[in-house]
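# Remarks on the overall topology
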Amino acid sequence: MTGLQKLSNGFSNDLKVTFKGTLVSPSLPTILRSSIPWLLFVLAYGLNGRIRVLPRDSHCVQLRNISAFESLVLPFAPHLAVASFHNLLLDILSAVPYLLHYLIPLLYPAYLYGTGRFEQAIRFFWLLGWSMWVHYLIWFVLPTAPPWVQHWLNTTSGGGGDSDRPPVPVFDLQHPEGCAFARLDLWTGTPFFYVIFTGNPVPFASFPSGHVAWPMCVQLTLPTARERRRFAIYVAWVAWATMYSCHHYLTDILAAILIVTSLHRMTSCLSRPTTHRRYRNAIDGCLSSVTAR
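Quantities reported herein were computed from a predicted structural model and do not represent experimental measurements.

### So, the confidence of the model for the protein chain
When pLDDT is averaged along the protein chain, the result is 78; 71% of the residues meet or exceed 70. When pLDDT is averaged over each helix and strand of the protein chain, the minimum, 41, is found for helix H1 (residues 3-24) and the maximum, 96, for helix H13 (residues 210-221). Low pLDDT, under 50, characterises residues 6-25; the predicted model gives this stretch 23 contacts beyond four residues in sequence or across chains. Below a pLDDT of 50 lies the segment residues 159-177, which in the model reaches 42 contacts outside its immediate sequence neighbourhood of four places, other chains included.

### Quick word on the environment of Pro 223
The topology assignment puts Pro 223 in the loop between H13 and helix H14 (225-244). Sequence-wise, Pro 223 and Ala 121 are 102 residues apart; in three dimensions their C-alpha atoms are separated by 9.9 Å. Setting aside residues up to four positions removed in sequence, Pro 223 forms contacts with Tyr 108, Leu 112, Arg 117, Gln 120 and Arg 228.

### What about the packing of aromatic side chains?
One pass over the structure, following the stated rule, counts 19 aromatic pairs. Residues Phe 41 and Trp 133 carry aromatic rings whose centres are separated by 6.1 Å and whose planes lie at 80° to one another, so their mutual orientation is edge-to-face. Placement of Phe 41 in helix H3 (residues 36-46) and of Trp 133 in helix H9 (residues 118-141) is noted, with a sequence separation of 92 residues between them. The buried category is assigned to Phe 41, whose relative accessible area is 3%. Judged by relative accessible area, which is 26%, Trp 133 ranks as partly exposed. Between Phe 231 and Tyr 234 the ring centres are 5.3 Å apart and the planes differ by 45°, which places this aromatic pair in the tilted class. Remark: Tyr 234 and Phe 231 occur in helix H14; sequence separation between them is three residues, near one turn of the helix. Just as Phe 231 is buried, Tyr 234 falls in that class too.

### Notes on the pattern of salt bridges
In the structure shown here, the tally under the stated rule is three salt bridges. As a salt-bridge pair, Glu 119 and Arg 123 come within 3.0 Å of each other at their nearest N and O atoms. Of the two residues, Glu 119 and Arg 123 are both situated in helix H9; the distance of four residues between them amounts to about one turn of the helix. On the accessibility criterion, Arg 123 (24% relative accessible area) is partly exposed.

### Let's talk about H3
Each turn of an α-helix holds 3.6 residues, which means side chains three or four residues apart point in the same direction. All of the buried residues in H3 are Pro 37, Trp 38, Phe 41, Ala 44 and Tyr 45. Burial along H3 is one-sided: seen end-on, the buried residues are contained in an arc of 125°. Turning to H3, the residues buried within the fold contact helix H2 (28-34), helix H4 (48-51), helix H8 (104-114), H9 and H13.

### Things to note about unusual backbone geometry
Geometrically, the link from Phe 207 to Pro 208 is a cis peptide bond, its omega value of -5° lying close to zero. With respect to the helices and strands, Pro 208 occurs in the loop between helix H12 (192-198) and H13. Notably, Arg 52 is not glycine yet its phi reads approximately 50°, a positive angle. Judged by its relative accessible area of 48%, Arg 52 is partly exposed. Located in the positive-phi region is Cys 246, a residue other than glycine, with phi close to 60°. Within the secondary structure, Cys 246 is located in the loop between H14 and helix H15 (250-269).

### Some words on a nonpolar patch on the surface
A grouping of Ile 36, Leu 40, Leu 43, Leu 47, Ile 51, Val 53, Leu 137, Phe 140, Val 141 and Leu 142 is seen on the molecular surface, where their side chains present a nonpolar patch of about 890 Å² in accessible area. Listed by contribution, the elements that provide at least two residues to the nonpolar patch are H3 and H9. Structurally, Phe 140 can be placed in helix H9. For Phe 140, a relative accessible area of 46% corresponds to the partly exposed category.

### Overview of the side chain of His 247
Note on placement: His 247 falls in the loop between H14 and H15. Residue class for His 247 comes out buried when judged on its relative accessible area of 10%. Looking at His 247, its side chain comes within polar contact range of the side chain of Tyr 98, at 3.0 Å.

The rules we used
- Residues numbered from 1 in each chain as written.
- Predicted model: local features only at pLDDT ≥ 70, side-chain atom pairs only at ≥ 80, totals over all residues.
- Heavy atoms only, no water.
- pLDDT = per-residue confidence, 0-100.
- Helix = DSSP H or I, 4+ residues; strand = E, 2+ residues; numbered from the N terminus.
- Contact = heavy atoms within 4.5 Å.
- Phe/Tyr/Trp six-rings, centres within 6.5 Å; stacked < 30°, edge-to-face > 60°.
- Buried < 20%, exposed > 50% of the residue type's maximum accessible area, 1.4 Å probe, protein only.
- Salt bridge = Lys/Arg side-chain N within 4 Å of Asp/Glu carboxyl O.
- Arc of directions from axis to C-beta.
- Patch = residues over 30% accessible without salt bridge, like charges linked within 9 Å, V, L, I, M, F, W, Y side chains within 5 Å.
- Areas by Shrake-Rupley, 256 points an atom, 1.4 Å probe, with all protein chains shown as cover.
- Polar contact = N/O pair within 3.5 Å; in protein donor to acceptor, adjacent residues only side chain to side chain.

See below:
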(Lines give C-alpha, C1' and ligand atoms only; values in the text may rest on other atoms or scores of the structure.)
Protein backbone atom coordinates (compact mmCIF):
# COMPACT_ATOMS: atom_id res chain seq x y z
CA MET A 1 0.00 0.00 0.00
CA THR A 2 1.42 3.34 -1.04
CA GLY A 3 1.75 6.33 1.25
CA LEU A 4 -1.03 8.12 -0.64
CA GLN A 5 -3.39 5.15 -0.18
CA LYS A 6 -2.62 5.05 3.55
CA LEU A 7 -3.25 8.77 3.77
CA SER A 8 -6.54 8.50 1.88
CA ASN A 9 -7.74 5.55 3.95
CA GLY A 10 -6.84 7.30 7.17
CA PHE A 11 -8.57 10.50 6.07
CA SER A 12 -11.69 8.57 5.04
CA ASN A 13 -11.80 6.69 8.34
CA ASP A 14 -11.40 9.93 10.27
CA LEU A 15 -14.32 11.39 8.37
CA LYS A 16 -16.47 8.36 9.18
CA VAL A 17 -15.53 8.53 12.84
CA THR A 18 -16.32 12.24 12.86
CA PHE A 19 -19.68 11.74 11.24
CA LYS A 20 -20.45 8.81 13.47
CA GLY A 21 -19.49 10.80 16.54
CA THR A 22 -21.48 13.91 15.68
CA LEU A 23 -24.51 12.54 13.89
CA VAL A 24 -25.17 8.89 14.65
CA SER A 25 -24.27 9.20 18.33
CA PRO A 26 -24.79 12.85 19.26
CA SER A 27 -24.31 13.94 22.85
CA LEU A 28 -27.16 14.72 25.20
CA PRO A 29 -26.50 18.51 24.90
CA THR A 30 -27.01 18.19 21.14
CA ILE A 31 -30.40 16.59 21.70
CA LEU A 32 -31.31 19.27 24.24
CA ARG A 33 -30.35 22.01 21.78
CA SER A 34 -32.69 20.51 19.20
CA SER A 35 -35.55 20.91 21.70
CA ILE A 36 -35.11 24.71 21.93
CA PRO A 37 -37.79 25.59 19.30
CA TRP A 38 -40.33 23.43 21.11
CA LEU A 39 -39.36 24.81 24.53
CA LEU A 40 -39.75 28.37 23.22
CA PHE A 41 -43.18 27.45 21.88
CA VAL A 42 -44.23 26.01 25.25
CA LEU A 43 -43.01 29.19 26.94
CA ALA A 44 -44.91 31.46 24.54
CA TYR A 45 -48.01 29.29 24.87
CA GLY A 46 -47.92 29.23 28.66
CA LEU A 47 -47.32 32.99 28.96
CA ASN A 48 -50.04 33.96 26.52
CA GLY A 49 -52.29 34.97 29.40
CA ARG A 50 -49.81 37.78 30.10
CA ILE A 51 -48.29 38.62 26.73
CA ARG A 52 -51.60 38.12 24.85
CA VAL A 53 -50.11 37.52 21.44
CA LEU A 54 -52.86 35.06 20.63
CA PRO A 55 -56.47 36.26 21.21
CA ARG A 56 -58.30 35.27 24.37
CA ASP A 57 -61.67 37.00 23.89
CA SER A 58 -64.45 35.80 21.63
CA HIS A 59 -64.88 39.17 19.91
CA CYS A 60 -61.46 38.62 18.27
CA VAL A 61 -62.46 35.26 16.83
CA GLN A 62 -64.50 33.99 13.92
CA LEU A 63 -66.56 31.41 15.76
CA ARG A 64 -67.94 29.59 12.75
CA ASN A 65 -65.23 29.47 10.10
CA ILE A 66 -64.41 25.76 10.37
CA SER A 67 -67.96 24.60 11.05
CA ALA A 68 -69.17 26.62 8.06
CA PHE A 69 -66.53 25.01 5.86
CA GLU A 70 -67.43 21.50 7.00
CA SER A 71 -71.14 22.16 6.45
CA LEU A 72 -70.36 22.99 2.82
CA VAL A 73 -68.36 19.84 2.05
CA LEU A 74 -69.92 17.28 4.39
CA PRO A 75 -73.55 16.22 4.84
CA PHE A 76 -73.08 15.92 8.62
CA ALA A 77 -70.78 17.10 11.41
CA PRO A 78 -68.26 14.29 12.08
CA HIS A 79 -67.49 15.42 15.64
CA LEU A 80 -71.18 15.37 16.54
CA ALA A 81 -71.54 11.89 15.10
CA VAL A 82 -68.57 10.71 17.18
CA ALA A 83 -69.80 12.43 20.37
CA SER A 84 -73.43 11.33 20.00
CA PHE A 85 -72.77 7.96 21.67
CA HIS A 86 -71.10 8.16 25.05
CA ASN A 87 -70.73 6.27 28.30
CA LEU A 88 -68.38 6.24 31.26
CA LEU A 89 -65.84 3.93 29.61
CA LEU A 90 -65.62 6.11 26.52
CA ASP A 91 -65.32 9.21 28.70
CA ILE A 92 -62.30 7.68 30.44
CA LEU A 93 -60.76 6.55 27.15
CA SER A 94 -61.13 10.05 25.69
CA ALA A 95 -59.46 11.61 28.74
CA VAL A 96 -56.34 9.44 28.65
CA PRO A 97 -54.70 11.12 25.58
CA TYR A 98 -55.26 14.54 27.16
CA LEU A 99 -53.55 13.42 30.35
CA LEU A 100 -50.63 12.01 28.36
CA HIS A 101 -50.27 15.00 26.05
CA TYR A 102 -47.47 16.86 27.82
CA LEU A 103 -45.65 13.63 28.66
CA ILE A 104 -45.05 12.75 24.99
CA PRO A 105 -42.12 15.17 24.42
CA LEU A 106 -40.47 13.78 27.55
CA LEU A 107 -41.13 10.05 27.37
CA TYR A 108 -40.53 9.54 23.65
CA PRO A 109 -37.06 11.16 23.47
CA ALA A 110 -36.13 9.34 26.67
CA TYR A 111 -37.17 6.08 25.00
CA LEU A 112 -35.08 6.87 21.92
CA TYR A 113 -32.09 7.90 24.01
CA GLY A 114 -32.34 4.80 26.16
CA THR A 115 -32.40 2.56 23.08
CA GLY A 116 -29.44 4.33 21.48
CA ARG A 117 -31.38 5.93 18.62
CA PHE A 118 -30.11 9.44 19.23
CA GLU A 119 -30.55 10.79 15.73
CA GLN A 120 -34.30 10.10 15.83
CA ALA A 121 -34.61 12.13 19.03
CA ILE A 122 -33.07 15.12 17.26
CA ARG A 123 -35.40 14.67 14.28
CA PHE A 124 -38.39 14.46 16.61
CA PHE A 125 -37.60 17.67 18.48
CA TRP A 126 -36.92 19.62 15.30
CA LEU A 127 -40.15 18.39 13.71
CA LEU A 128 -42.17 19.02 16.85
CA GLY A 129 -40.75 22.49 17.42
CA TRP A 130 -41.22 23.84 13.93
CA SER A 131 -44.61 22.15 13.52
CA MET A 132 -45.90 23.93 16.59
CA TRP A 133 -44.57 27.29 15.43
CA VAL A 134 -46.48 26.82 12.18
CA HIS A 135 -49.55 26.06 14.30
CA TYR A 136 -48.85 29.16 16.37
CA LEU A 137 -48.75 31.34 13.24
CA ILE A 138 -52.06 29.92 12.03
CA TRP A 139 -53.64 30.44 15.45
CA PHE A 140 -52.51 34.06 15.26
CA VAL A 141 -53.82 34.66 11.72
CA LEU A 142 -56.94 32.49 12.00
CA PRO A 143 -57.97 32.05 15.65
CA THR A 144 -60.69 29.43 15.76
CA ALA A 145 -63.12 28.49 18.49
CA PRO A 146 -63.49 24.79 19.33
CA PRO A 147 -66.83 23.11 18.61
CA TRP A 148 -68.03 23.25 22.22
CA VAL A 149 -68.03 27.07 22.16
CA GLN A 150 -70.39 27.20 19.21
CA HIS A 151 -72.59 24.55 20.74
CA TRP A 152 -72.75 26.52 23.98
CA LEU A 153 -73.71 29.69 22.12
CA ASN A 154 -76.39 27.88 20.15
CA THR A 155 -77.78 26.35 23.35
CA THR A 156 -77.83 29.54 25.40
CA SER A 157 -79.18 31.70 22.57
CA GLY A 158 -81.94 29.32 21.55
CA GLY A 159 -80.20 28.27 18.35
CA GLY A 160 -79.72 31.79 17.12
CA GLY A 161 -75.94 31.73 17.43
CA ASP A 162 -73.92 34.57 18.81
CA SER A 163 -75.10 37.40 16.54
CA ASP A 164 -77.14 39.05 19.33
CA ARG A 165 -74.72 38.30 22.12
CA PRO A 166 -72.02 40.65 23.41
CA PRO A 167 -68.39 39.43 23.37
CA VAL A 168 -67.88 36.93 26.17
CA PRO A 169 -64.51 35.92 27.63
CA VAL A 170 -63.84 32.27 26.97
CA PHE A 171 -63.50 31.61 30.70
CA ASP A 172 -67.24 32.24 31.04
CA LEU A 173 -68.14 29.77 28.30
CA GLN A 174 -68.82 26.25 29.41
CA HIS A 175 -70.12 23.50 27.20
CA PRO A 176 -73.25 21.76 28.60
CA GLU A 177 -71.17 18.62 28.99
CA GLY A 178 -68.01 20.45 30.04
CA CYS A 179 -66.17 19.47 26.85
CA ALA A 180 -67.41 15.91 27.41
CA PHE A 181 -65.37 15.66 30.61
CA ALA A 182 -67.92 17.14 33.03
CA ARG A 183 -69.29 13.63 33.49
CA LEU A 184 -65.86 12.54 34.72
CA ASP A 185 -65.70 15.50 37.09
CA LEU A 186 -69.13 14.54 38.39
CA TRP A 187 -68.10 10.91 38.71
CA THR A 188 -64.89 11.73 40.63
CA GLY A 189 -66.47 14.58 42.59
CA THR A 190 -63.66 17.00 41.63
CA PRO A 191 -63.56 19.86 39.06
CA PHE A 192 -60.29 18.53 37.65
CA PHE A 193 -60.99 18.91 33.92
CA TYR A 194 -63.03 22.05 34.40
CA VAL A 195 -60.05 23.77 36.01
CA ILE A 196 -57.73 22.60 33.21
CA PHE A 197 -59.91 23.86 30.39
CA THR A 198 -61.00 27.14 31.93
CA GLY A 199 -57.34 27.93 32.65
CA ASN A 200 -56.22 27.34 29.05
CA PRO A 201 -53.99 30.32 28.07
CA VAL A 202 -54.83 29.87 24.36
CA PRO A 203 -58.54 29.08 24.17
CA PHE A 204 -58.96 29.75 20.44
CA ALA A 205 -56.50 27.29 18.93
CA SER A 206 -58.83 24.70 17.48
CA PHE A 207 -57.47 24.88 13.94
CA PRO A 208 -55.11 23.05 13.43
CA SER A 209 -55.13 20.53 16.27
CA GLY A 210 -52.02 20.61 18.43
CA HIS A 211 -53.24 17.52 20.25
CA VAL A 212 -52.99 15.53 17.01
CA ALA A 213 -49.78 17.20 15.82
CA TRP A 214 -47.69 15.99 18.76
CA PRO A 215 -48.34 12.24 18.31
CA MET A 216 -47.98 12.69 14.54
CA CYS A 217 -44.42 13.92 15.15
CA VAL A 218 -43.79 10.68 17.04
CA GLN A 219 -45.43 8.62 14.33
CA LEU A 220 -43.23 10.05 11.58
CA THR A 221 -39.95 9.82 13.48
CA LEU A 222 -40.22 6.30 14.85
CA PRO A 223 -37.23 4.31 13.56
CA THR A 224 -39.00 1.24 12.17
CA ALA A 225 -42.09 0.64 10.06
CA ARG A 226 -43.39 -1.84 12.63
CA GLU A 227 -43.26 0.77 15.38
CA ARG A 228 -44.95 3.33 13.13
CA ARG A 229 -47.80 0.95 12.34
CA ARG A 230 -48.37 0.25 16.02
CA PHE A 231 -48.24 3.90 17.02
CA ALA A 232 -50.77 4.77 14.31
CA ILE A 233 -53.36 3.23 16.64
CA TYR A 234 -52.54 5.87 19.26
CA VAL A 235 -52.74 8.68 16.69
CA ALA A 236 -56.21 7.45 15.70
CA TRP A 237 -57.13 7.27 19.39
CA VAL A 238 -56.11 10.90 19.92
CA ALA A 239 -58.03 12.03 16.82
CA TRP A 240 -61.15 10.24 18.05
CA ALA A 241 -60.79 11.70 21.55
CA THR A 242 -60.54 15.28 20.26
CA MET A 243 -63.82 14.92 18.36
CA TYR A 244 -65.53 12.92 21.11
CA SER A 245 -64.75 15.67 23.60
CA CYS A 246 -65.94 18.39 21.16
CA HIS A 247 -62.52 20.04 21.21
CA HIS A 248 -61.79 19.74 17.50
CA TYR A 249 -63.44 19.47 14.14
CA LEU A 250 -62.39 16.82 11.65
CA THR A 251 -60.85 19.65 9.59
CA ASP A 252 -58.58 20.54 12.53
CA ILE A 253 -57.27 16.99 12.64
CA LEU A 254 -56.66 16.72 8.90
CA ALA A 255 -54.89 20.10 8.84
CA ALA A 256 -52.54 19.04 11.65
CA ILE A 257 -51.67 15.79 9.87
CA LEU A 258 -51.01 17.66 6.63
CA ILE A 259 -48.77 20.26 8.30
CA VAL A 260 -46.65 17.75 10.21
CA THR A 261 -46.33 15.41 7.22
CA SER A 262 -45.28 18.28 4.93
CA LEU A 263 -42.69 19.56 7.41
CA HIS A 264 -41.37 16.05 7.90
CA ARG A 265 -40.81 15.66 4.17
CA MET A 266 -39.06 19.02 4.04
CA THR A 267 -36.79 18.26 6.99
CA SER A 268 -36.03 14.81 5.59
CA CYS A 269 -34.86 16.34 2.32
CA LEU A 270 -32.77 18.95 4.12
CA SER A 271 -31.61 16.75 7.00
CA ARG A 272 -28.01 17.21 8.03
CA PRO A 273 -27.23 13.48 8.36
CA THR A 274 -28.28 12.83 4.75
CA THR A 275 -26.34 15.83 3.51
CA HIS A 276 -23.23 14.86 5.45
CA ARG A 277 -23.35 11.28 4.24
CA ARG A 278 -23.58 12.58 0.68
CA TYR A 279 -20.50 14.70 1.24
CA ARG A 280 -18.68 11.80 2.88
CA ASN A 281 -19.46 9.48 -0.03
CA ALA A 282 -18.34 12.14 -2.51
CA ILE A 283 -15.04 12.58 -0.69
CA ASP A 284 -14.55 8.83 -0.49
CA GLY A 285 -15.20 8.58 -4.21
CA CYS A 286 -12.70 11.33 -5.00
CA LEU A 287 -10.03 9.77 -2.81
CA SER A 288 -10.61 6.35 -4.35
CA SER A 289 -10.27 7.75 -7.87
CA VAL A 290 -7.03 9.50 -6.91
CA THR A 291 -5.48 6.42 -5.32
CA ALA A 292 -6.56 4.21 -8.24
CA ARG A 293 -4.42 6.21 -10.67
